[in-house]
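Per-entry structural report
The chain contents come next:
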Amino acid sequence: MHAARPIFGILLIVGVAFGIVSPPAEAQGFLGASAGVYHPEEGTRDSIGTFGVRGGYRFNPHFGLEGSLGQVNLDDAVLIDLSFLGTSRLELGRLYNLDLSLQWFPNGGSFLLFGGIGGSRLNSTLRESFLGEHFTLSATSYLFTVHAGLAYQWQLGDRLVLRPEARLRHFYGEDPKTLIPGAYKATDYEAGLTFGWRLGS
């Protein structure tokens, strides 16, 4: 999870160094696909691959709006040992994240800060072993989220765009350690690259 934090610092330095001298952009649309590394707060895994799609519109040199849909398979579990009574295991499965972001380009260039709200869908399964009896319960939960991040957008030619970015996302739900099916309350980190196509002038 901590591996994503240095990326925030690197992008911030790049933005300060180059954002001031980057030329302002005209109003334009954007479509792209992203891939990266996801660091969940809950569970035992340090990092997971993630991918997604996104689209947005930059209204003027300083502000834009973007929507993104990403997917990650957490493929992890939260385990509670009940000693001689048995065990409870909450398996975290496929997670879909939908974000709506307001973008701010401080100097009208390529460095940007963004943040907003979103929603997530999580598939999970609760497996319990209690006094020799076994129970399984699957659930799908829908969670409210907020996120924030930073990025730097390189223009490669007339249309192609390359954008490294890092974001954190907080999930408002139940603590997984309560072992409620569908529970997830955490702050996750994500870092990746977006390859996009600029629309408009």
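Our structure is the block above this text.
Reading the values: rules and limits
- Residues numbered from 1 in each chain as written.
- Predicted model: local features only at pLDDT ≥ 70, side-chain atom pairs only at ≥ 80, totals over all residues.
- Heavy atoms only, no water.
- Phe/Tyr/Trp six-rings, centres within 6.5 Å; stacked < 30°, edge-to-face > 60°.
- Buried < 20%, exposed > 50% of the residue type's maximum accessible area, 1.4 Å probe, protein only.
- Helix = DSSP H or I, 4+ residues; strand = E, 2+ residues; numbered from the N terminus.
- Core = buried A, V, L, I, M, F, W, Y, C linked by side-chain atoms within 4.5 Å.
- Salt bridge = Lys/Arg side-chain N within 4 Å of Asp/Glu carboxyl O.

Using the criterion set out here, one finds 4 aromatic pairs in the structure. Considering the side-chain rings of Tyr-57 and Phe-59, the 5.4 Å spacing of their centres and the 65 degrees angle between planes classify their relative orientation as edge-to-face. When its relative accessible area of 39% is taken as the criterion, Tyr-57 is described as partly exposed. Summarising the aromatic geometry, the rings of Phe-144 and Tyr-172 are spaced 5.9 Å apart at their centres and angled 40 degrees between planes, so their arrangement reads as tilted. Of this pair, Phe-144 sits in strand E6 (residues 133-152) while Tyr-172 sits in strand E8 (residues 160-172), and the two are 28 residues apart along the sequence.

Core analysis: the largest hydrophobic core is formed by 13 residues, its most contacted members being Tyr-38, Leu-74, Leu-95 and Tyr-184. Put simply, the parts of the chain that give this core at least two residues each are strand E3 (63-81), strand E4 (86-104) and strand E5 (111-130). If one sorts the elements of this core by residue count, E4 sits on top with 3 residues.

Examined against the element boundaries, Arg-127 turns out to sit in strand E5. According to the relative accessible area criterion, Arg-127 is partly exposed, its value standing at 36%. Linking Arg-127 and Glu-91, residues 36 residues apart in sequence, is a C-alpha distance of 7.7 Å.

The subject of this paragraph is the pattern of salt bridges. One pass over the structure, following the stated rule, counts 8 salt bridges. One salt bridge connects Glu-66 with Arg-163, and the closest N-O pair in it is separated by 2.9 Å. Here Arg-163 lies in strand E8 and Glu-66 lies in strand E3, a separation of 97 residues in the sequence. For the pair shown, Glu-66 and Arg-163 are each scored as buried. Across the pair Arg-167 and Glu-165 runs a salt bridge whose closest N-O atoms are separated by 2.8 Å. Overall, Glu-165 belongs to the buried group, its relative accessible area being 6%. Each of the salt bridges in this network shares a partner with another, and the network as a whole consists of Arg-54, Glu-66, Asp-99, Arg-163, Glu-165, Arg-167, Arg-169 and Glu-190.

Read these as layout, nothing more, since geometry by itself doesn't imply function.
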